[in-house]
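Descriptive analysis of the structure
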Amino acid sequence: MQARQLGKTVSSEGEKLTILHEISFSVPTGASLAVVGRSGSGKSSLLALLAGLDTPSVGEVILAGAALQTLDEDGRAAVRGRCAGFVFQSFQLLPELTALENVMLPLELAGVRGAEAQALQWLERVELGHRLHHLPRQLSGGEQQRVALARAFAPGPQILFADEPTGSLDSATGAVVADLLFALNREMGTTLVLVTHDDTLAQRCSHQLRLQAGQMIDWQVPAQTAALEQAA
Amino acid sequence: MSAGILSQLRLTARLFRRSLAAGEYKTLLLALIIAIAALTAVGMLTERVERQLLGQASELQAADAVLSSDHPIPPKFASLAAQQRLASAEMAIFPSMVSFGQEASLASVKAVGAAYPLRGQLSLQSGATQAPQPGEALIDARLRDVLQIQVGQQLKVGQLQLTVRDIITREPDAAFDFSSLQARLMINAADLPASGLLGFGSRVKYRLLLAGEPAAVNAWLAAAQPQLGRGEAIENARESRPELKEAIERAERFLRLASLLAGVLAAVAIVLAARRFALRHFDTVALLRTLGASQRRVRALMLAQMLLLAGVAALAGGALAWLAQAGLLWLIAAQLPAPLPPASLWPWLWASALGLVLLLGAAGPVLLSLARTPPLRVLRRELTVDVHWFWQYALTLLAMMGILLQIAKDIKLAVIVGGGMLGALLLLAALGWLLLQALQRWRWQGSARLALRQMLRQPGLLLAQLAALTLGLCGLWLLTVVQSDLLQAWRAQVPPEAPNHFVINLQPEQIATFNAQFAAAGLPAPKVQPMIRGRWTLHNQQPVQPQQYSEPRAQRLSEREFNLSWGEDERADNQRVQGPPLNAAVPGWSVEQELAVLLGIKIGDQLTFDIAGTAVTAPVINLRAVNWGSFRANFFVVGSEQLLRDLPSSRISSFYLPPAQRTLVPQLVRGMPNLTIIDVGQVLAQVETVITLASSALRLVFVMCVLAGLTVLLAALETNDSERRREAALMRALGASTARIARIWWLESLLLGALAGLLAGTLAALGAWYVATAVLKLPWVFNVWLPLASIVAGMALSGLTVWRRLWALARTSPVLMLRE
């Protein structure tokens, strides 16, 4: 995944407001990137641009080989459907579907055969095999986020976008969910983009990008990667 | 089928099933079911009643269709009937002298084939039902009494000697056959050629009777109509009995109007529920888009959900309608002369199609624009999409107009009702707005100020709520309060002792004897009116020619001999609507207004009638409205006394004879053999059946309308239910007491309810007055209490939802509500 000169400007009451300034970086396949910063620093805006949920004012994003700015809304949706998974702070499970059906949703949207069996395996993987037919409101916050993790990993995405995945959970539950997230990520070899204001969580990622008022003020990569990049 | 389509179908079905179970579709589905059930039930009942009445009408003319002619019927009509596989029978009717020994009498001879009657049954004294064989004669009691003849004896007609086989007690087409003014002799058509009666100058009326499947009959009618020659006409039982025609038409108008209202109310509920449904689905769509669904796919998903919804509603609505109408008919079975024929599936299919059109019109644009929800909404909840409300309203209006047109089957009525509804809605919105503006100018304090501010925060929504609430209430009033009054007014038109017999051919010098017979039987003397037969020859000095009229009915009426009378007799069933009363001493005509419109007659026109060779000319002085359902003798054209008094005339009278005193009829005929007494009891009974059925059907439709009205109220009050709850949770979190929140809610909803109640009551009172006077032509008085009662009811209904919200508020913590 690459971001080149990425910027976003919005109009607010007639005034132009730049919320992201020329951000460039690249994350190799299988690596993990933590986007950190205070509230309002532009973390979620950056995630939205990287995932193609929003369009940049300038610059470009290459996601799984696709230049997102050359695609229309449906084209970007197709890229997301093909190679991206999502985990949100507010879980975003469909309230009228059961845990199992929520996990089946992306598989069915992608027209995968045997969606139910796969979803079942994933729910067992996140230790919710006994809660298959419960509706989201019948699950605790931690359980809901685990369902969301199963839903995100089930289609086997190349990239996983996680927006404050532990933000709505208490610290103990948050830790369990975070462990699960990283374990699955390692296991699946997924590229992870994690938005968080939690530095401990950020430390667990190979790359870190710090934002302040829309500017990238810090970019940390593992020593090995840095050496490689310098050599290149 | 590819795996993609299969999984899409499975996903659609699952989302639908789950949303259904979660109550997401509750209001939408309810509104749709009620719309479909109301339209189906009305359609089924009308169809069953119409089938029954058509059957009875067929009985009244002994056939499904009759072609009559003043010359032998060209064989082409019979071969057309053979092509349609219709049963047919030819018949000839003519007056002739019949004799037995020294006695002789003028009789109406009816020569029939063996197949007569094709519909209904011939009743004979012996219990037999067969038409006469060659060489046989059937006579009625009148002819038997006049000729003093017995069964088995031979009578003479023309050159025939026929044996009397039986006495006719009832001919199915007797009431229909007004030309049979004399006693009846029925013979076999095969005897006709030998009778020597069909010579030049004989006044024979030929008839071709036909019966078969309705579709085949209609096909024959369509094929035969353009081929009719001079003196040939297709007779219609409905038209020949104006009182039955009026009863059926009024019943149809009643039912149509009521089902229109149910349809419109349900449409309003659907619009409101669709809006709420759409607003609740932003999150789902945003998530689907995030997970890679294209806009097209989301649209397909939404469309499929709607189709499923319509399918479920069609099944449930159809079942409900079937149960409702079957239950209703079971309840009134005792009042019906015979079980109704079954209904077809057409009303249900139509209603389901209309329901789908309504749903697609009302909810389609909203649900389709949902597909444009930005996926970014998963991160920014405040992002929504501009829903094409304009398209929603435009399409809903279009769908509703289509439905109105389908139900009303009349563009003018559809436009009046549709335009009226739209006008009323706009008027309501404007009035509501003005009232709220006026309220805002007041210096309110505390809770009242907060309540008013909350109401005015979303003025568009508030006005929509107000209009919907008003419309719902208005529908309820129109139906519950007004319907019983309307039905009573209608029933009052046919009093329980409506005349069941008509007497014609009574001579002026017989009036004293006639009255004396009634006095002897202990009955009041019936009113006797003069009657003169006349042919209309000139209209403003121009000869009257049937070809000049485009309408077949006008052609027939212009050709027919008119029954004229003199002396105006203003009654409830016969009222002057335009022009001054007739002056007995000055020549002038008074014309029934519908006939005047049909034949293009206006006040001041000169009309000339040929009465027994005398041309009588006078100007039209006034127009009258006649209620043919009153079963009294009424005339299309009445002249001033001076104009007609000295011309040869007979008398007509009508009277009610209780079943126990039926013997008076043969007594009268024996004393005055020239009299013709027509028993209209059969027609009267049919009119009563129509009224019984129609009023029961109406009650059912009213129940449906009330349900539709309640759904509208529910949908209107639900529109911002969750917002209100969230606000309350916030206020409570900020420390407001439940009592304070309750006060605000109460004030808000009572104000809304009172406003809606006031507007609805006023509108309903005006609407009832309009419907009664203009559409159903019944007397009606403006009910001043209705608006007042309506205010109270509006407040109570609107208050119910506060109760529900308060109940929920007391049971849910602010955190949970905010999290919702």
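A short tour of the structure in this document, coming up.

All names here are of chain B. What the rule picks out here adds up to 10 cavities of 30 Å³ or more. The space that makes up the largest cavity amounts to roughly 160 Å³. Those elements that provide at least two residues to the lining of the largest cavity are α14 (446-457), α15 (459-491), α23 (738-775) and α24 (785-811). The biggest single contributor to the lining of the largest cavity is α23, with 4 residues. Of the residues assigned to the lining of the largest cavity, the class counts are 6 nonpolar, 7 polar and 3 charged.

This paragraph deals with the packing of helix α3 (residues 99-109) of chain A against helix α4 (residues 115-125) of chain A. Residue and element names in this part refer to chain A. Taken N-terminus to C-terminus, the directions of α3 and α4 make an angle of 125 degrees; their axes are 9 Å apart at the nearest point. For the element pair α3 / α4, the angle class is oblique. Considering how the two elements wind past one another, α3 and α4 form a crossing that is right-handed. Residues Ala 99, Leu 100, Val 103, Met 104, Leu 107 and Glu 108 of α3 form the contact with α4, whose own contacting residues are Ala 115, Glu 116, Gln 118, Ala 119, Leu 120, Trp 122 and Leu 123. Here the contact of α3 with α4 is built from residues that sort into 10 nonpolar, 1 polar and 2 charged.

Residue and element names in this part refer to chain A. Pairing is mixed across the open sheet formed by 6 strands, whose spatial order is β6-β7-β8-β3-β9-β10. The open sheet has two free edges, formed respectively by β6 (84-87) and β10 (215-220), since each of these has just one partner strand. When strand polarity is set aside, the average angle formed by the axes of neighbouring strands in this sheet is 15 degrees. Examined bridge by bridge, strand β9 (residues 207-212) and β10 share 5 bridges and lie antiparallel to one another. Paired with Gln 212 across the two strands is Gln 215, which belongs to β10. Each of β3 (32-36), β7 (159-163), β8 (191-196) and β9 touches helix α1 (residues 43-50); the most contacted strand, β8, lies at about 155 degrees to it. Of the strands in this sheet, β6 and β7 are in contact with helix α2 (residues 73-83), which crosses β6 at around 85 degrees.

Accessible area lost upon the coming together of the parts serves often as the stated size of an interface. Counting residues at the interface gives 29 residues for chain B, matched by 29 residues for chain A. Taking both sides of the interface into account, the surface hidden between chain B and chain A amounts to around 2700 Å²; carbon and sulfur atoms contribute 62%. The tally of links from chain B across to chain A stands at 7 salt bridges. The partner of Arg 17 of chain B in a salt bridge is Glu 101 of chain A, and the shortest N-O contact between them spans 3.9 Å. Breaking the side of chain B that touches chain A down by element, the ones donating at least two residues are α1 (3-21), α9 (282-290) and α10 (295-331) of chain B. Residue contributions to the side of chain B that touches chain A peak at 10 residues, all from α1 of chain B. Residues of the side of chain B that touches chain A, tallied by class, amount to 12 nonpolar, 8 polar and 9 charged.

Attention now goes to unusual backbone geometry. Residue and element names in this part refer to chain B. The linkage connecting Tyr 116 with the following residue, Pro 117, adopts the cis geometry, with an omega of -10 degrees. Mapped onto the elements, Pro 117 comes out in the loop between β3 (103-112) and β4 (123-124). Positive phi outside glycine occurs at Arg 85, with the angle close to 55 degrees. Tracing the chain through its elements places Arg 85 in the loop between α3 (75-83) and β2 (87-100). One non-glycine residue, Asn 540, lies in the positive phi region at around 50 degrees. Mapped onto the elements of the fold, Asn 540 is located in the loop between β12 (528-539) and β13 (542-543).

Counting along an α-helix, one turn takes 3.6 residues, and residues three or four places apart therefore face a common direction. Spanning 13 residues, helix α22 (residues 721-733) of chain B covers 18 Å between terminal C-alpha atoms, matching the ideal 18 Å at 1.5 Å per step. Of the residues one or two after α22 of chain B, Gly 735 of chain B is the one with positive phi, at around 105 degrees.

Residue and element names in this part refer to chain B. Summarising the sheet, β2 and strand β9 (residues 205-211) pair through 7 bridges and their orientation is antiparallel. Pairing of Ser 88 across the sheet is with Leu 210, part of β9. Here β2 pairs with β3 via 10 bridges, running antiparallel. Bridging across to β3, Met 91 finds its partner in Val 112.

A few words now on the pairing of strand β10 (residues 232-235) of chain B. Residues and elements named next belong to chain B. Residue alternation in β10 divides its side chains into two sets, Glu 232 and Ile 234 and Ala 233 and Glu 235, and both sets are buried. With 4 bridges connecting them, strand β1 (residues 65-69) and β10 associate as antiparallel partners. By the bridge assignment for β10, Ser 68 is matched with Ala 233.

With that settled, consider a nonpolar patch on the surface. Residue and element names in this part refer to chain B. On the surface, Leu 345, Trp 346, Leu 349 and Trp 350 cluster together to form a nonpolar patch covering roughly 480 Å² of accessible area. Following the sequence through the fold, Leu 345 ends up in the loop between α10 and α11 (346-370). The exposure class of Leu 345 is exposed, given its relative accessible area of 56%.

As enumerated under the stated definition, the model contains 11 aromatic pairs over all chains in all. Judged by centre distance (5.5 Å) and plane angle (25 degrees), the rings of Phe 86 of chain A and Phe 161 of chain A are stacked. Taken together, the positions of Phe 86 of chain A in strand β6 and Phe 161 of chain A in strand β7 put the pair 75 residues apart, joining distant regions of the chain. When its relative accessible area of 0% is taken as the criterion, Phe 161 of chain A is described as buried. A ring pair is formed by Phe 518 of chain B and Phe 655 of chain B, whose centres lie 4.8 Å apart and whose planes are at 80 degrees; its orientation type is edge-to-face. On the criterion of sequence distance, the pair formed by Phe 518 of chain B in helix α16 (residues 511-520) and Phe 655 of chain B in strand β20 (residues 650-655) is long-range, its members being 137 residues apart. The same class applies to Phe 518 of chain B and to Phe 655 of chain B, which are both buried. Cluster of aromatic residues (ring-pair linked, three or more members): Trp 536, Phe 562, Trp 589 and Phe 609 of chain B.

Cut-offs and rules
Residues numbered from 1 in each chain as written. Chains lettered and ligands numbered in written order. Predicted model: local features only at pLDDT ≥ 70, side-chain atom pairs only at ≥ 80, totals over all residues. Heavy atoms only, no water. 1 Å grid on protein atoms, 1.4 Å probe; cavity = no way out; pocket = protein on both sides within 12 Å on 5 of 7 lines; lining within 4 Å. Points joined across faces, edges and corners; volume = space filled by probe spheres on them. Helix = DSSP H or I, 4+ residues; strand = E, 2+ residues; numbered from the N terminus. Nonpolar A, V, L, I, M, F, W, Y, C, P; charged D, E, K, R; others polar. Axes fitted to C-alpha atoms, helices over the stretch in contact; angles between N-to-C directions. Parallel < 35°, antiparallel > 145°, perpendicular 65-115°, else oblique. Left-handed = near helix turned anticlockwise from the far one by under 90°. Contact = heavy atoms within 4.5 Å. Pairing = 2+ DSSP bridges. Buried area = accessible area lost by both parts, 1.4 Å probe. Salt bridge = Lys/Arg side-chain N within 4 Å of Asp/Glu carboxyl O. Expected span 1.5 Å × (residues − 1). Buried < 20%, exposed > 50% of the residue type's maximum accessible area, 1.4 Å probe, protein only. Patch = residues over 30% accessible without salt bridge, like charges linked within 9 Å, V, L, I, M, F, W, Y side chains within 5 Å. Areas by Shrake-Rupley, 256 points an atom, 1.4 Å probe, with all protein chains shown as cover. Phe/Tyr/Trp six-rings, centres within 6.5 Å; stacked < 30°, edge-to-face > 60°.

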